[in-house]
Amino acid sequence: MNELLIIAAPELMERRREWLESLTGERRLAANTLDAYERDTRQFLAFLTAHVGGPASLSDIRNLRPSDLRAFLAHRRREGSGPRSLGRHLAGLRSFLRHLEKKGLINAAAAGAVRAPKQPKSLPKPLTNSQALNIVTTDAQLQEEPWLAARDAAVLTLLYGCGLRISEALALRPADLTEGTTTLRVNGKGGKTRIVPLLPVVLEAVTRYRTLCPFHLPPDEPLFRGARGGPLQPAIIQREMQKLRGAFGLPETATPHALRHSFATHLLAGGGDLRTIQDLLGHASLSTTQIYTGVDTARLLEVYDRAHPRA
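Basis of the calculations
Residues numbered from 1 in each chain as written. Predicted model: local features only at pLDDT ≥ 70, side-chain atom pairs only at ≥ 80, totals over all residues. Heavy atoms only, no water. Phe/Tyr/Trp six-rings, centres within 6.5 Å; stacked < 30°, edge-to-face > 60°. Helix = DSSP H or I, 4+ residues; strand = E, 2+ residues; numbered from the N terminus. Buried < 20%, exposed > 50% of the residue type's maximum accessible area, 1.4 Å probe, protein only. Lys NZ or Arg CZ within 6 Å of the ring centre and 35° of its normal. Salt bridge = Lys/Arg side-chain N within 4 Å of Asp/Glu carboxyl O. Axes fitted to C-alpha atoms, helices over the stretch in contact; angles between N-to-C directions. Parallel < 35°, antiparallel > 145°, perpendicular 65-115°, else oblique. Contact = heavy atoms within 4.5 Å. Nonpolar A, V, L, I, M, F, W, Y, C, P; charged D, E, K, R; others polar. Left-handed = near helix turned anticlockwise from the far one by under 90°. Expected span 1.5 Å × (residues − 1). Arc of directions from axis to C-beta.

Chemist: For this particular structure, what's the right way to read the packing of aromatic side chains?
Modeler: Working definition: an aromatic ring pair is given by the centre-to-centre distance plus the angle between the planes. Under the criterion given, the structure shown has 7 aromatic pairs. Judged by centre distance (5.1 Å) and plane angle (45 degrees), the rings of Trp19 and Phe96 are tilted. Of this pair, Trp19 sits in helix H1 (residues 10-27) while Phe96 is found in helix H5 (residues 83-102), placing the two residues 77 residues apart along the sequence. Across this residue pair, the class does not change: Trp19 and Phe96 are buried. In textbook terms, an aromatic cluster arises when at least three aromatic residues are bridged by ring pairs, as seen for Trp147, Tyr209, Phe215 and Phe224. Over the ring of Trp147 we find Arg151; its NZ or CZ atom is 5.9 Å from the centre of that ring.

Chemist: What am I meant to see in the pattern of salt bridges here?
Modeler: Between side chains of opposite charge, a pair can form as their charged atoms come close. Taken as a whole, this structure holds 16 salt bridges when the rule is applied. The shortest N-O distance in the salt bridge between Glu21 and Arg17 comes to 2.5 Å. On the criterion of helical spacing, the pair formed by Glu21 and Arg17 is a turn pair, its members being 4 residues apart in helix H1. The exposure class assigned to Glu21 is partly exposed, which follows from its relative accessible area of 48%. On the accessibility criterion, Arg17 (36% relative accessible area) is partly exposed. Note that Glu168 and Arg165 form a salt bridge whose closest N and O atoms lie 2.5 Å from each other. Assigned by exposure class, Glu168 and Arg165 land together as buried. Among the charged side chains, a salt-bridge network with shared partners connects Glu14, Arg17 and Glu21.

Chemist: Where do I start with the packing of helix H8 (residues 146-162) against helix H12 (residues 256-269) in this structure?
Modeler: Helix-helix packing is characterised by the crossing angle of the two axes and by the distance between the axes. Across the interface, H8 lies against H12 with an axial gap of 7 Å and an inter-helix angle of 30 degrees. If you check the angle between H8 and H12, you find them roughly parallel. The residues of H12 that touch H8, namely those facing Leu156, Leu159, Tyr160, Gly161 and Cys162, are Pro256, Leu259, Arg260, Ser262, Phe263 and His266. The residue inventory of the contact of H8 with H12, partitioned by class, reads 7 nonpolar, 3 polar and 1 charged.

Chemist: I keep staring at the packing of helix H4 (residues 66-78) against H5 and nothing clicks. Help me out?
Modeler: Contact geometry for H4 and H5: axes closest at 10 Å, N-to-C directions at 145 degrees. Viewed along their axes, H4 and H5 form a crossing whose handedness is right-handed. Residues Leu69, Phe72, Leu73, Arg76 and Arg77 of H4 form the contact with H5, whose own contacting residues are Leu86, His89 and Leu93. In the contact of H4 with H5, the residues fall into 5 nonpolar, 1 polar and 2 charged.

Chemist: When you look at helix H11 (residues 234-248) in this model, what are you seeing that I'm missing?
Modeler: Because the α-helix completes a turn every 3.6 residues, residues three or four places apart line up on one side. The terminal C-alpha atoms of H11 lie 21 Å apart, and with 15 residues this matches the ideal 21 Å at 1.5 Å per residue to within 8%. Ile237, Glu240, Met241, Leu244 and Arg245 are the residues of H11 that are buried. Taken end-on, H11 shows its buried residues confined to a sector of 155 degrees, consistent with a single buried face. Directly beyond the C-terminal end of H11, a positive phi value near 65 degrees is found at Gly249.

Chemist: Looking at this structure, how should I read the environment of Leu34?
Modeler: Mapped onto the elements of the fold, Leu34 is located in helix H2 (residues 31-52). For the pair formed by Leu34 and Glu21, sequence separation is 13 residues and the distance between their alpha carbons is 9.6 Å.

Chemist: Would you explain the environment of Ile135 in this entry?
Modeler: By the secondary structure assignment, Ile135 is in helix H7 (residues 129-135). According to the relative accessible area criterion, Ile135 is buried, its value standing at 0%. C-alpha of Ile135 to C-alpha of Asp152: the two residues are 17 residues apart in sequence and 10.0 Å apart in space. Setting aside residues up to four positions removed in sequence, Ile135 forms contacts with Leu127, Ala140, Gln141, Leu156, Met241, Leu244, Phe248, Leu250 and Leu259.

Have a look at this one:
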């Protein structure tokens, strides 16, 4: 879409800007969510402008009907959006419309009358215990430079050993992992902080990287560095994980995030309770964590079908 096209009247665009700023300052949403909401509402206003035959205004928003929102979702579906993306489109629009409603500008009832698309049920795809343990070692890394291999191993060990998201691991500073520390303070989604145990093997992997790293690591700057000394980018770890998949014959689902899934699944299989795993993962709702019970049950049934003589 040509970004130079006018997608809405100036007043409406200003209200949208205020809403996006409120999401950043008040609700402290994750950067990826903010980017998605910005893109989703921009696409909606561009759609609405074409729908009404002129720059969309507050009056057009005020007169929205459920059928208009369904038409937008149908349009996005034709453009290739799947159920998850459509659900996010609707969530972003609802947030924007409720913001306008709180300002006394519109009635947001139309958004509440539209059901989100039914989401496909999919279970996380963890690695097996042996797969996870193998690929987080320094020896498994495919980097030629020893310090880069140690760096990648340290990051992957944090994902599997502490259940971190890749963004959380790369946001760590040297001051967060001092010698002898047994816990790690993690800043997660929405600015929420949680405390996770720091296993000795995780600290050893990080210490090995710090020993070999050729760059000075100030206490309050990013711990993990790229080959030229800048902050390490997630794409580098994702690319190295892709190489490991090929080298170890792992499935396409073996991503850095799959190590976080493996952390939770293996804890549950070892007798961990859901509440504890919820806290360790930083999930706001227990229902989010409960998906791992499905993974464990699925594995039990798979073993049963394969091994039981009457299966």
